[in-house]
Each structure stands twice: as C-alpha cells, then as structure tokens.
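Listed below are the residues making up each chain.
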Amino acid sequence: MSALGLAALLALALAPQAAPAGPAAGAGERLYREGVLPSGRALRGEREGGVGVEGAAAACATCHRRSGLGSWEGQIVIPPIIGRYLFRPGARNVEDPDLPHVQGYVPHREPYTDATLARAIRDGVDQQGRRLSYLMPRYALDGATMASLVAYLRRLTSEPVPGVTRDTLHFATVVTPDADPAGRQGMLDVLRQFFADKNAGYRGESPPLQSTRGVMYRVTRKWQLHVWELSGPPDGWEAQLRERLAATPVFAVISGIGGKTWAPVHRFCERAALPCLLPNVELPVAAERDFYPVYFSRGVLLEARLMARQVREDRERLDLRRLVQVVRQGDVGEEAARELQAALAPTGLAFATRVLGAGQEPGTLAAALADAGAHDAVALWLRPGDLAALPAAPGAGAVYASGLMGQLERAPLPAAWRGAARLTYPFDLPEQRKVRMNFPLGWFTVRHIPVVAERVQTDTYLACVILSETLGHMLDSFVRDYLVERVEVMLSHRLVNGYYPRLGLGPGQRFASKGGYLVRFAQPEGTRVVAASAWVVP
C-alpha cells in the first residue's frame, strides 16, 4: 500500500493472535509484496479525493515492509501488521513476555477480527469504528482476495527464527576457495576478535529487561560465529551451503570473502531467505530485485561504469576511435570488460579485448598492447604483478586502469604510465577518509590485529559495527527480513564509514555506496593521488 498511505492503515489500532495460514495464502503473498491481484491485474487503491495508487506502489510491503513489522519515515510511524499484533488483545509488552517491542505498536487496543480488518482495508474504518487517515488508500477487494490477504497476514513472520536461541545469536561467514589468502586471514582475525569483544561481558542467560516505558528486550545474548569454508568448483558450493545451514542454522551471514565469483553464495542466500550482509567481493551479483544479499558497492562493475563515463567525455576531445581492454583469464576483469563494452556500445567505438592466459608471463603484455596508438583508449583490468610489467611507455591516447584490482594508490604502474593513467577509485580519497580511518585502525592496534589487507579488514570491521548497531535497535524482534530492513535504515544514518564517504540503501537497492572518482597520481613516484573528476554516481 502507499509509502505514506499505510502509514495510517493501522496507525490507530494494532493487536495480535496467531492462526494457521489458509489455502489462498500464496495469492495473498503476491498481493502483499508485489501489488498483484490473483487475476494478474495490478492492485489499485484510492485515497479520499480520488487520488489513486497502483501496482507495486499500492503493495502493502511498500510501506509495512516485507517483514510486516513496519518502519518510520520522518514523523510518520508505520505500524506492524502481522497477525501476532493485529489479532492479539492489546497489552503492554511488559505484560506479555512473548511479544517483542516494535516501533509503532500501539498497546491497549481492541484486537482486529477478519471482518473488522476487511472493513479497515476496504472502507478506512478501524476496529472501533473510527475513520483512518485520508492518507490510507481504500482497496475494493472481493471476498476471496481479501481472505487470501488476511490469511497471509496471519502467518507472516510467525515461524520460529533459525539461528536464534534464548541466549545465543548464530552467524556464519563464507570463504570461497579462490579468496585471497591474506584477505581471508585478515577478515577472520577481525570477525573473531569482534565476536570475542561482544561476548566479553556475557555471564549467562539473563531475564528480559522491563521498563516503565513499556519497552522490553533481552539484556544480553552471546554471538556465535561459524566459518563456512567452501571447497571445489563453484557448481558444488550451493550444496555445501545447504548442508552447513541444515547442520547449523544461523540467523544471518556476516561479511565473507570471495574471489572471481560469488554468484552461488548469492543464489543460496536468496533462496534460503538468509541475509548475506556486506561480503568482501570485487564482483557482486547485480540483482537488486533480490532481497537478502546486501553489498558495499558494485565493485568492478561500478568501476566499469565510472570508466565508461570518462571515456565518453574524452572521446571527442582526444579523438578516440577504439577501446583496447586487457584482462587476465579467470579474473574478475573479464566481467568488468564486458560491462564496459556494453556501456560504450552506443558510442560507435571499435573494441578489442586482449586476454592474457592464466599461466602466461606478464611479459606478454607488450604484445597485447603493441598496436595501441594515439586514437586508442586502453583499459587495464589487471593485478599489481601485471601492472608492474607494463612496457616502457604507453602508446595509447588515453589509459584507464582499475584501482580496485590494482591496489588503489599503491598500484605499481611504471613511471611512464603514471602520468597518463586515470584510475577508477570507488572510495573516498585517502586524505578525506584519514580521520574516519582512525576508528578501525585504532581498534586493530588496541586488539593487536595485524593489518595484512587494510581495505578488507576495514570493511569487515564496518560490517560488524553495522550489524551490532542494527541488532541493538531491533531489541528482541529477531526476524531475518526485519534485519535486512533495519540495515537499510541504519546505513543511511551512519557518518563514519571507513573507506566510503557515505552509505545508503532504499527499498529495492542492494549497493550501499554508489559512486567513485577517477584519480591520477600527483607525482612520478609515491602513492599520493588527486581527483581527476568529481565524485560521480554513474
């Protein structure tokens, strides 16, 4: 239903009672999540004055979210509409130990019945006969469609949550066999220490905390980390993950690290309805209609878009006629090169992609670039070993390189290439992030954690902090969908984000950092880089 509209649907009255789902719950789920009627037509609602909403904009989840636990926007609180709140006799949560506190829950209200809830949805009248806000659309649903929606609300978020016990929250992290060894070790060092810190004050199960404000939550739960190391080729990873999850249910996957592909992990998490939060991957899966995987950025795919924008700007000025891309077989640069070519296809540029064999020596780079001339742009999707082996001087009219793959400002470009090259830089500039980096780097120092992969370790630390802050705001409402929804909110309010100038997620967005710079080296030697473009969100 609408983003403000269902802010009012049940803003005046909410209370619960559990019941089994009816046979039409499948149709109710599609109506709730997508705004699609059982007939396949778009759901339509109307506010007072005839202002209409339709389709996805009219879906209940647009406002009350996928979990049904609601949200808030500014001063407008969107209440929970799951069965345990709607159909339950009103009580303060300090009087009902099985009812977690949720923002927007209104205690001491009469419970809804199927009939009074149907009236609220159709006519905008609550269970006590009061008019709902004009912001609440009215939905002319037939009896069967209404029954399917009510059945879905009764069962929504009603199952036991895997990975949550009375005293423990279980989390997993995933390591693929092609992950960088140094990054793997650095990530695990951070995760294990953060979990140890969280558990340092744990003294066993404690009773719920009650307050005069009617808020109730468990004082402490320990965190348990499970490391899921995968093995073999990617086509076997999903089966391994299913076995791990069946043997040890977890609430969410936190961080993780991958190499060339993360797609099997992404697919598994989406199919298992398992949040997969902020893994260390350079090539994420660009599927923003999926719900459970959340990433820091698009990685090399973002770099391809940044590069494409710069090539379009430089094309006429430098009379560029062809783009020559150099990639290493079996690395993430292959997919980035395809993304860049697709983005530039409408420009009329000619394209050539030179693939270095997985076992070829870096010296073959000279042959790959031998025909690059003044009217060519060269895009380098290469690791430091290959960058260091570039031929003596670039012959191309323009040179672009992946900063993410080349180690950012530490990219070992030969002196003759440093002046010509523009590096994609999907992070804040070093000078601008210096103060923010004091937080993770200081924590590493105090905890005696060796810094072996600074960016990976910083992102892992940031992921843990975001998880901790999010769980603190969730109180005892441990629902996987709600975790993802609260992460969306928390990211948008954070000010200290390590390498990133800002993070933010709206519903339907799964990449928290959306932009970057093109940078150049400031001097023939050293690691100082300066912006060659503004911060760009391509």
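Numbers given to residues run from 1 along each chain, matching the order in which its sequence is written. In keeping with the predicted nature of the model, local features appear solely for residues at pLDDT of at least 70, side-chain atom pairs appear and are counted solely at 80 or more, and the whole-chain, interface and lining totals rest on all residues. Hydrogens and water are ignored here; the side-chain numbers use all heavy atoms of the structure.

Taking an unreviewed UniProt entry as the reference, the protein is identified by name as Cytochrome c belonging to Anaeromyxobacter diazotrophicus.

A look at the sheet that holds strand E9 (residues 252–254)
For clarity, the cut-off: The rule for pairing is simple: two strands pair if DSSP sees at least two bridges between them. Here a helix means four or more residues in a row that DSSP labels H or I, a strand means two or more in a row labelled E, and each is numbered from the N terminus. What makes two residues a contact is simply this: any of their non-hydrogen atoms within 4.5 Å. Each axis is a line fitted through C-alpha atoms, and for a helix only the stretch in contact is used; angles between axes span 0 to 180 degrees, taken between their N-to-C directions.
With respect to topology, five strands assemble into an open sheet ordered E8-E5-E9-E10-E11, the strand pairing being parallel. In this open sheet, the two strands that pair with only one neighbour each are strand E8 (222–229) and strand E11 (293–294). Strand direction decides the pairing type here: E9 and strand E10 (residues 276–277), joined by two bridges, are parallel. Each bridged residue has a counterpart across the sheet, and for Ile-254 the counterpart in E10 is Leu-277. Here helix H7 (residues 181–199) sits on the sheet and contacts strand E5 (168–175), E8 and E9; the angle it forms with E8, its principal contact strand, is near 160°.

Observations regarding the pairing of strand E13 (residues 350–356)
With seven bridges joining them, strand E12 (residues 322–328) and E13 adopt parallel strand pairing. Within E13, the residue paired with Val-327 across the bridge is Val-355.

Observations concerning the environment of Ile-78
Its location among the elements puts Ile-78 in strand E4 (residues 76–78). Residues Ile-78 and Tyr-105, 27 residues apart in the sequence, show an inter-C-alpha distance of 9.0 Å.

Overview of the packing of helix H17 (residues 454–474) against helix H18 (residues 480–493)
The criterion, for reference: Under this scheme an angle from 65 to 115 degrees is roughly perpendicular, one under 35 degrees roughly parallel, and one over 145 degrees roughly antiparallel; angles in between are oblique. Working rule for handedness: look at the near helix, and if it is turned counterclockwise from the far one by less than a right angle, call the crossing left-handed; if clockwise, right-handed. Think of it as three bins: nonpolar holds Ala, Val, Leu, Ile, Met, Phe, Trp, Tyr, Cys and Pro, charged holds Asp, Glu, Lys and Arg, and polar takes everything else, Gly as well.
Contact geometry for H17 and H18: axes closest at 9 Å, N-to-C directions at 115°. The orientation of H17 relative to H18 falls into the category roughly perpendicular. Crossing geometry of H17 relative to H18 is assigned as right-handed. Residues Ile-466, Leu-467, Glu-469, Thr-470, Leu-471, His-473 and Met-474 of H17 lie in contact with H18, whose contacting residues are Tyr-482, Leu-483, Arg-486, Val-487, Met-490 and Leu-491. When the residues that make up the contact of H17 with H18 are grouped by side-chain class, the tally is nine nonpolar, two polar and two charged.

Some thoughts on the packing of aromatic side chains
Keep this limit in mind: Only Phe, Tyr and Trp rings are paired, with Trp represented by its six-membered ring, and only when their centres lie within 6.5 Å; those with planes under 30 degrees apart are stacked, over 60 edge-to-face, the remainder tilted. Three labels apply to residues, based on accessible area from a 1.4 Å probe with only protein chains included: buried if under 20% of the type maximum, exposed if over 50%, partly exposed otherwise in between.
This structure, assessed with the given rule, holds 19 aromatic pairs. For the pair Phe-251 and Phe-478, a centre-to-centre distance of 6.0 Å together with 90° between the ring planes defines the contact as edge-to-face. Here Phe-478 lies in the loop between H17 and H18 and Phe-251 lies in the loop between helix H8 (237–247) and E9, a separation of 227 residues in the sequence. Residues Phe-251 and Phe-478 agree in their burial class; the two are buried. Summarising the aromatic geometry, the rings of Phe-427 and Tyr-499 are spaced 5.5 Å apart at their centres and angled 80° between planes, so their arrangement reads as edge-to-face. With Phe-427 in the loop between strand E16 (421–425) and helix H16 (430–446) and Tyr-499 in the loop between H18 and strand E17 (517–521), this pair connects stretches of sequence that are 72 residues apart.

Regarding the side chain of Asp-481
Test applied: In protein, a polar contact requires one atom able to donate a hydrogen and another able to accept it; more generally it is a pair of N or O atoms within 3.5 Å, and residues adjacent in sequence count only if both atoms are side-chain atoms.
Within the secondary structure, Asp-481 is located in helix H18. Among the polar contacts listed, one links the side chain of Asp-481 to the side chain of Arg-66, at a separation of 3.5 Å.

What to know about H18
As a reminder of what qualifies: Here the expected span of a helix is defined as 1.5 Å times the quantity of residues minus one.
The terminal C-alpha atoms of H18 lie 21 Å apart, and with 14 residues this matches the ideal 20 Å at 1.5 Å per residue to within 8%. All of the buried residues in H18 are Arg-480, Asp-481, Tyr-482, Leu-483, Val-484, Glu-485, Arg-486, Val-487, Glu-488, Val-489, Met-490 and Leu-491.

Thoughts on the pattern of salt bridges
Selection rule: By salt bridge we mean one thing: a side-chain nitrogen of Lys or Arg within 4 Å of a carboxyl oxygen of Asp or Glu.
Counting across every chain of the model gives 33 salt bridges. Of the charged contacts in the structure, one is a salt bridge between Arg-433 and Glu-409, with a shortest N-O distance of 3.3 Å. With Arg-433 in helix H16 and Glu-409 in the loop between helix H14 (403–406) and helix H15 (415–418), the pair connects residues that are 24 residues apart, well separated along the chain. The class for Arg-433 is buried, based on a relative accessible area of 4%. Here the residues in one salt-bridge network are Arg-322, Arg-354, Asp-371 and Asp-376, joined through shared partners.

A few points about the pairing of E17
Of all five residues in E17, four are buried; the element is thus mostly enclosed. Both E16 and E17 contribute to a ladder of three bridges, which runs antiparallel. Paired with Thr-424 across the strands is Leu-518, a residue of E17. By the bridge criterion, three bridges tie E17 to strand E18 (residues 529–531) in an arrangement that is antiparallel. From the neighbouring strand, Val-519 faces E18, where its bridge partner is Ala-531.

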